[in-house]
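# Structure assessment
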Amino acid sequence: MDNIKKLAKHCGMALLLSLFLALLISVVFGDLVDRLENVTYYFRYRLKFLDMDDEQKNQILQQNYGIHFVDIDDRSMNRLGVYWNWDRSYQAKMINTLSSHFPSAIIYDVLFSSPEDTTHRARLESILQRAAEFSPDIERSIKQLTYPLLTAVNYDSLMVDAIRQSARVYMGLLLSDESEYPQFALSQIADRMTLAWHDSLSPSSALYLPPDKRDRIIHSKDVIDGTYPDLAQNARDIGHIIVIPNDDGVIREIPLLYRYRDFDPVYLPVSLRAAITLFATPDEEINFVPSRYIDIGTPFKAFKDSSGALRFSYPGITPAQIRLLTKRSAEVLSISSGDRVDISCFVSAKRGDNGQISVELRSTGPLPAAVSEPLLAIDMDQLNSLEIGEQAALSDEVLIEREYEAEWMISYEDELWWVSSFDLMTLSKLVPEDFVGIQKGKRELVLHDFRVTRPGDSFVTTIPVLRAETVQQLCEGGWEQFQSMEPGSRKDFGEKVKVPLTKHNGHIVTFFGPSRVPFPYYSFYDIMENRVQGSLEGKIYIVGSSAPSLFDIQPVSHQRHYPAMEVHASLLNSFLTNTFIRRLSSFHDFLVLFLIGLVIGLVALSIKPVWGGVFSVLFAFSYLIFSITIFQTELLWIEVARPVLVILFTYTAVMVYRYMTEEKDRKFLQSTFKQYLSPELIDAMYKNKQSPRLGGDEGVRSAYFTDIEGFSTFSEKLGSPTRLVELLNEYLTVMTDILLDHFGTLDKYEGDAIIAFFGAPMEMPDHAVQACNAAIKMQQGLAQLREKWKSEGDKWPQIVKEMRMRIGINSGVITTGNMGSATRMNYTMMGDAVNLAARLESAAKQYGVYTMISEKTLEMTDNLFETRKLDMITVVGKSEPVVIYELIAQKGQLEGTYSQMLPLYAEGLELFYKREWKKAAELFSKSHELEPNRNFTKGGISPSLKFLALCEQYSINPPDENWNGVN
């Protein structure tokens, strides 16, 4: 009862302290601690990405995220002039050029607030007028040229036309507050604060939520700027590009949802809007759960229309592409980490006016229909049979020659083309149905340069949305799952993407590497002039600038100078890969603080102040390492600053409390009991103020006996009592340390024998497990001593170097307590279970084993150990037989020949009890040859040999019919 009161008191103090300090730190010092937490967050990101070597950067590149930048960089401005002087024909040309490479999306992180042609025309007209004034002789000519020249200024319409024809351009817009504009400019933006202005842009790009959810969005803006109707209406979608730094000037958490004044529309980031569109998720399926997440649906979808035609959600993905992927399902699903499977090369096609198909490969460029059609009908088995230098006719006019093992030359009329075996293999797998939808005069994508890799545990492809679970589901279902779809139906693939939100509906930006590592850069000028080679199809391109002169550089969580367009890329990549930084809720943060305070309070109240301080420091350090590790591996942001402060303050408060109340009796009972009780027991007696007294208590415990085999001969061999004492002290020190490490209580030493018990005076539910663990560790410790003694040369005789000990363990009802006189007592044990343990230790030599336990002990170990049944024996004073076992090792840690021997032994034992003596003897004979201890025991005795002898005995003189298995 006293112990319970003491524990309750400590728990109460710890609870009060942890609760008070958690509240104090969270409420009173909240702002200051938040700043400290942000510093630790920056530190965690720096550790993740700082000083990455080439191999680590290459591992990021292997993820092949498929997001690239079109960078308005210094190189582009050196070629085209300062960006502010560019006309929009450059943008039109870039969009047209990039669109010819079949991108999946072109996303603008650049604003175009209004048309500019009027300004350009006014400037040109002014220049022409001045020229006429300076040159009266050519005034008439200039006036004649003025109208054609001014009409040629159509840069805005060129860009709008390019956007419309591409059909894959996403335009950014700026949401701002009325207060951000000077007073004189308010009249200019008045129309941009109306619902009519929203309706004139791209109203379908906004999100419309039920009032109860819309009202939960706290971020609102007054003005829609940065775009105008012609651009917005022809874009695929529009979205805001706001990435405002947090209070400490770092972009870490940004709002995703912005209300437009008090109107219904809610605007999303252009990155999120692009992801939703690429997923083909209808707005009505978007599920916004305030302060928790935005569910934007699965990343990949298949649709079968009423005519039975199949199409897919991601732009440019054709049925042919998915068919080729699923036909290689077995290879893809069995791909090893670090390997890849090439599915197809790039193939585009165009239908001529005569209906013929001409294809284009990356290696050859466009091929005429006369070459394309026979190539699509090739027989790869026939071609592969050709020798190097041998030709074959694909048609009357087209020849193909094998130049190298994997390279072919095609000739037609006076032209030559070189193609690879993989190109030909890809073409051979296409069927006429793959070209049915291609319109006359229009060049369309048929296949991507498509491959599947496995850089780690999940699949990655050259298409951003086809990865991980999506690829697995596509391959597991096979092409048949699409053939079996009903007309008008839809099939989803991949895990639903739920974008996590903070309590204010913000979103923590997830970064995937240092700047310029995860996402490749292309110069705007190179893209515009079509100077970029390689696989561009299917990728997502963000148009922005990394040039410092354009002022779009921001500080982020791991880098002080970071192009803002990489923030949009990081957001988009999070949505596409379903990869997010997650943070605990406020309740869970507080719960962590409370539990940490409770643990530190209890520990500091329960152990010595010095060890409490050491524990607190180690706990804080371990918590820091844990928080860093879980951030690196699971992208989980758990607080560091508050918990560390709770640890510091709780320990300090407990020490003050203990100094004031408990320091009087620190040395109580230490000198009396340290010789034979575990440190934990002494501490318990100290805390409970328990004085030594006569008497004992009864309970289920484990008795433990050890004895050195043949120790009576050691004295003779050593020749000196001093040397015998030295040896015995070394042996007993190691064994006793192991005993106490497993919470055993030392009863006494009897010469070389150790007598101990587990489960008293402190209650120990797993006393049998601890006893068995101690036995295994003692045998291992003795093995290490033998190696040590051998290494000491001639210091010890051979008998010492071969020392073995026997251990007996039994569990049962045992009485423990202080026994003796009122002035001299000993803490010891008594009971029948103790006597049986002693008999098991001595009986072990009859079976040739070194650790023997009873059935009662085995039943209490929850199958945690490797054992084998030895026999059924009767002991003096007991009518019921006792089943005995050899304790061999911890589960799954068999060594030597045990794994081969035990099945033979077990089968032999089963036959033995079935009275099949001859068959059992054969198995025991085999298992005896594998007995690990037979070379160490006297006469080579082993359990197998003992039963072999019994088999021979019983085959001559079998036991009577009432035999119960006792030998």
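Keep in mind that what you see is a predicted model, and the values were worked out from it rather than measured. (Residues numbered from 1 in each chain as written. Predicted model: local features only at pLDDT ≥ 70, side-chain atom pairs only at ≥ 80, totals over all residues. Heavy atoms only, no water.)

### Brief notes about the sheet that holds strand β9 (residues 258-260)
The sheet built from 4 strands is open, its strands ordered β4-β10-β9-β5 with mixed pairing. Taken across any chain shown, the strands that pair with only one partner, and hence form the sheet edges, are β4 (207-208) and β5 (220-221). Examined bridge by bridge, β9 and strand β10 (residues 265-267) share 2 bridges and lie antiparallel to one another. Bridging across to β10, Y258 finds its partner in Y267. (Pairing = 2+ DSSP bridges. Helix = DSSP H or I, 4+ residues; strand = E, 2+ residues; numbered from the N terminus.)

### Brief notes about the pattern of salt bridges
Per the counting criterion, the structure on display carries 43 salt bridges. Of the charged contacts, one joins K919 and E916 as a salt bridge, the two residues approaching to 3.8 Å between their closest N and O atoms. Residue classification places E916 among the partly exposed positions, given a relative accessible area of 30%. (Salt bridge = Lys/Arg side-chain N within 4 Å of Asp/Glu carboxyl O. Buried < 20%, exposed > 50% of the residue type's maximum accessible area, 1.4 Å probe, protein only.)

### Notes on helix α19 (residues 468-477)
Taken together, the buried positions of α19 are T470, V471, L474 and C475. Buried positions in α19, seen along its axis, are confined to an arc of 125 degrees and lie on one side of it. (Arc of directions from axis to C-beta.)

### Observations regarding the side chain of D73
Tracing the chain through its elements places D73 in the loop between β1 (67-71) and α4 (74-80). Of the side chains bearing the opposite charge, R75 lies closest to the buried D73, which forms no salt bridge; the N-O distance is 5.7 Å. Polar contacts involving the side chain of D73 include one to the side chain of S76, which spans 2.7 Å. For D73, the contacting residues outside a window of four places in its chain are S523 and F524. (Lys, Arg positive; Asp, Glu negative; His and termini not counted. Polar contact = N/O pair within 3.5 Å; in protein donor to acceptor, adjacent residues only side chain to side chain. Contact = heavy atoms within 4.5 Å.)

### Comments concerning the side chain of S76
Relative to the elements of secondary structure, S76 occurs in helix α4. Note on S76: relative accessible area 0%, which makes it buried. Discounting residues that sit within four places of it in the chain, S76 has contacts with D71, G81, W86, S523, F524 and Y525.

### Points about the sheet that holds strand β25 (residues 460-461)
Spatially, 3 strands are ordered β15-β24-β25 in an open sheet, and the strand pairing comes out antiparallel. The sheet is open, and its two borders are formed by β15 (340-344) and β25, each paired with just one other strand. Relative to strand β24 (residues 450-453), β15 runs antiparallel, the two being bridged by 4 bridges. Paired with S344 across the two strands is F450, which belongs to β24.

### Notes on a negative patch on the surface
On the surface, D396, E397, E413, D414 and E415 cluster together into a patch of negative charge. By secondary structure assignment, the location of E413 is in the loop between β21 (407-412) and β22 (415-420). (Patch = residues over 30% accessible without salt bridge, like charges linked within 9 Å, V, L, I, M, F, W, Y side chains within 5 Å. Areas by Shrake-Rupley, 256 points an atom, 1.4 Å probe, with all protein chains shown as cover. Charge placed at Lys NZ, Arg CZ, Asp CG, Glu CD.)

### Looking at the environment of E709
Among the secondary structure elements, E709 is positioned in the loop between β35 (695-708) and α28 (714-718). E709 sits in the partly exposed class, given a relative accessible area of 24%. C-alpha of E709 to C-alpha of F743: the two residues are 34 residues apart in sequence and 25 Å apart in space. Not counting the four nearest positions on each side in its chain, E709 is found in contact with F714, R804, M805, R806, Y850 and F936.

### A closer look at the environment of L268
Relative to the assigned elements, L268 resides in the loop between β10 and α13 (270-279). L268 sits 26 residues away from I242 along the chain, and the two C-alpha atoms are 9.8 Å apart. Those residues in contact with L268 that lie beyond four places of it in its chain are L207, G239, H240, L256, L257, R273 and I276.

### Notes on the packing of aromatic side chains
What the rule picks out here adds up to 40 aromatic pairs. Measuring from ring centre to ring centre gives 5.6 Å for W86 and Y90, while their planes differ by 85 degrees; the resulting arrangement is edge-to-face. Relative to F758, the ring of Y704 has its centre 5.5 Å away and its plane inclined at 65 degrees; by these criteria the two rings are edge-to-face. Residue Y704 is located in strand β35, and its partner F758 is located in strand β37 (residues 753-758); the two are separated by 54 residues in the primary sequence. As far as the burial class goes, Y704 and F758 line up, both buried. Counting every residue linked through ring pairs, the aromatic cluster contains Y905, F912, Y913, W917, F924, F947, Y954 and W963. The ring of W637 has R583 lying over it, and the distance from NZ or CZ to the ring centre is 3.8 Å. Across from the ring centre of Y847, 4.9 Å away, lies the NZ or CZ of K946, which sits over that ring. (Phe/Tyr/Trp six-rings, centres within 6.5 Å; stacked < 30°, edge-to-face > 60°. Lys NZ or Arg CZ within 6 Å of the ring centre and 35° of its normal.)

### Digging into unusual backbone geometry
Omega for the peptide link from A760 to P761 comes to 0 degrees, which places this bond in the cis form. Structurally, P761 is set in the loop between β37 and α30 (767-791). At A167, a position not held by glycine, the phi torsion is positive, near 60 degrees. Topologically, A167 is positioned in the loop between α8 (155-166) and β3 (169-176). In this structure, N578 is a non-glycine residue whose phi angle is positive, near 55 degrees. Within the secondary structure, N578 sits in the loop between α22 (564-577) and β33 (582-583).

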